[in-house]
Amino acid sequence: MEDQILALTAELAAVKSAAQVTNTMFAEAYYYLTIPLMVLIHAGFLLYEMGQTRVANVLSSGIKNLLAFAFTIVTFYLFGWWFYWALPTFPVTSLVSGAGFMGTSGLEYASAIALPWGESAQYMGPNMGDHASGVFWGAFALFAATTASIASGALIERIQTVGWVICAIVLGSFAWVVAAAWGWHADGWLVTEFGFHDFGAAGLVHAVAGFFALGILLNLGPRVGKFNADGSANKIAGHNIPLTITGLMLIIVGFFGFLMACIILPGEGWSWYGDAGATIYGTPITLSALAFNVTLAASGGIIGAWVFTRDPFWMMSGCLAGIISVASGLDVYFGSHVIIISIVAGMILKPCADWLEGLGIDDAVGAVTVHGTIGLFGVVVLGVFGSGIPGLGAFAPEDTVAISLYGQIVGAVVMFLLGFVPGYVVSWLVNKAGMLRIPDAVQIKGLDAVKVPAQAYPESMVSDDSDSK
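Residues numbered from 1 in each chain as written. Predicted model: local features only at pLDDT ≥ 70, side-chain atom pairs only at ≥ 80, totals over all residues. Heavy atoms only, no water.

> Quick question: what am I supposed to make of the packing of helix H10 (residues 312–327) against helix H12 (residues 367–385) here?
The packing of two helices is summarised by the inter-axis angle and the distance between the axes. The N-to-C vectors of H10 and H12 enclose an angle of 30°; their axes lie 8 Å apart at closest approach. Of the two elements, H10 crosses H12, and the hand of that crossing is right-handed. Seen from H10, the contacting residues are Ser317, Leu320, Ala321, Ile324 and Ser325; seen from H12, they are Val370, His371, Ile374, Gly375, Phe377 and Gly378. The class makeup of the residues in the contact of H10 with H12 is 6 nonpolar, 5 polar and no charged. (Axes fitted to C-alpha atoms, helices over the stretch in contact; angles between N-to-C directions. Helix = DSSP H or I, 4+ residues; strand = E, 2+ residues; numbered from the N terminus. Left-handed = near helix turned anticlockwise from the far one by under 90°. Contact = heavy atoms within 4.5 Å. Nonpolar A, V, L, I, M, F, W, Y, C, P; charged D, E, K, R; others polar.)

And the structure:
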């Protein structure tokens, strides 16, 4: 009998071990697959920006976007990932304090797991005992690159490549990372002190990127020919609206992967729960909730924009705005909430963009409005519909701060400042160094002819008389 019990115990242990390996491999594959899905966001931004650009500037816009992606990924590896783990506590104490509320932050913790050299390099390279660090880093690196790409479109046709790359590095590997550390980390001071909640990063990705772009725009100025002497604006149409709309649709596809990557899977050492998915705050969520809410939000945004514009560009921008408007609360909203919020977001989109243009600001693709304004709208709206919900899961309510309108407004203000102030300061410095704006004469001639050793559409070039004979 004892031998049978021992045999059954051994079999049970083997089954548990196999189940754990299966769960670990599933979790690794899950996050790994979110990475190429998020690369589709960048394919979308590439098409979106090039479509909204005039023929003479198409490839310059593409190069700018590709370099922002590449440099942000590299710099996020070198120091951005470290900032995320080092800086969640209150900004004055971050550089001197130890671990925060959950014990997963601080200088010592960050240096132990997030530097690509020394002892922590075991987590930043091949390691058969570590199935999590690489895929988590990859997902976060794509979050960082996405933030940089969001700002890119607002600046097309007049920003220098090197100047833009400097701005993109500051945005994707520092400004956004600080926002994520403060508001998208269980130790983040906005979370522990104010109950700030932003599951899908409406504020800490979209608003930060949108208002970073605004800071640059104030120093960069408008494209040649955008405004008349009396201040009235001229419409500068992109050369290929179908390309732009297709790009926007790819961004939507990629955001399913982006939001999927925001879920913490169960059953691992780093999981909140053994039997349920969770947000980064430890509050429960399922993929089923995302299936309902993301799809409804995309549709609501299209409907809202269609009501006011009938314009396919703004309808697809409304699709993206619909998702952004509910991103903060995708884990708590029901479909009725999502439909109302996303339709309103789509309806206010074009009027807000027109208001910004009326101030003499040339946002070529509406990025400040779509991502900045709608991002803050989404953060604050959650304070209305989600007030009273625990800000951190797995704790007694009295041990944490609940979501509140006040806390969401505080978070919204911080996200605005984390975007706008670095964007304005770094672009001011780059401008003083003569590396921000492309000269007007080059803009008139076309950026591709001056800066790119290729043509976007060579077969469409008109031949001279000698060639036609």
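> What am I meant to see in unusual backbone geometry here?
Located in the positive-phi region is Glu157, a residue other than glycine, with phi close to 75°. Along the chain, the position of Glu157 falls in the loop between helix H4 (133–152) and helix H5 (161–183). Exposure remark for Glu157: the relative accessible area of 3% places this residue in the buried category. At Arg310, a position not held by glycine, the phi torsion is positive, near 60°. Here Arg310 lies in the loop between helix H9 (287–308) and H10. (Buried < 20%, exposed > 50% of the residue type's maximum accessible area, 1.4 Å probe, protein only.)

> Help me out: how do you make sense of the layout of surface pockets in this one?
To locate leftover empty space, one rolls a probe as large as a water molecule over the atoms. There is about 750 Å³ of room inside the largest pocket. Around the largest pocket, the lining is made up of 28 residues, and of these Trp85, Tyr109, Phe136, Ile264 and Trp270 lie nearest the centre. Looking at the lining of the largest pocket, the elements with two or more residues in it are helix H2 (58–86), helix H3 (107–113) and H4. Looking at which element gives the most residues to the lining of the largest pocket, the answer is H4, with 5 residues. Here the lining of the largest pocket is built from residues that sort into 22 nonpolar, 5 polar and 1 charged. Here the second largest pocket is characterised by a volume of approximately 470 Å³. Taken together, 25 residues line the second largest pocket, and the ones lying closest to its centre are Lys226, Lys235, Trp314, Glu357 and Ala364. For the lining of the second largest pocket, the secondary-structure elements that each account for two or more residues are H10 and helix H11 (335–358). Sorting elements by how many residues they give to the lining of the second largest pocket places H11 first, with 5 residues. (1 Å grid on protein atoms, 1.4 Å probe; cavity = no way out; pocket = protein on both sides within 12 Å on 5 of 7 lines; lining within 4 Å. Points joined across faces, edges and corners; volume = space filled by probe spheres on them.)

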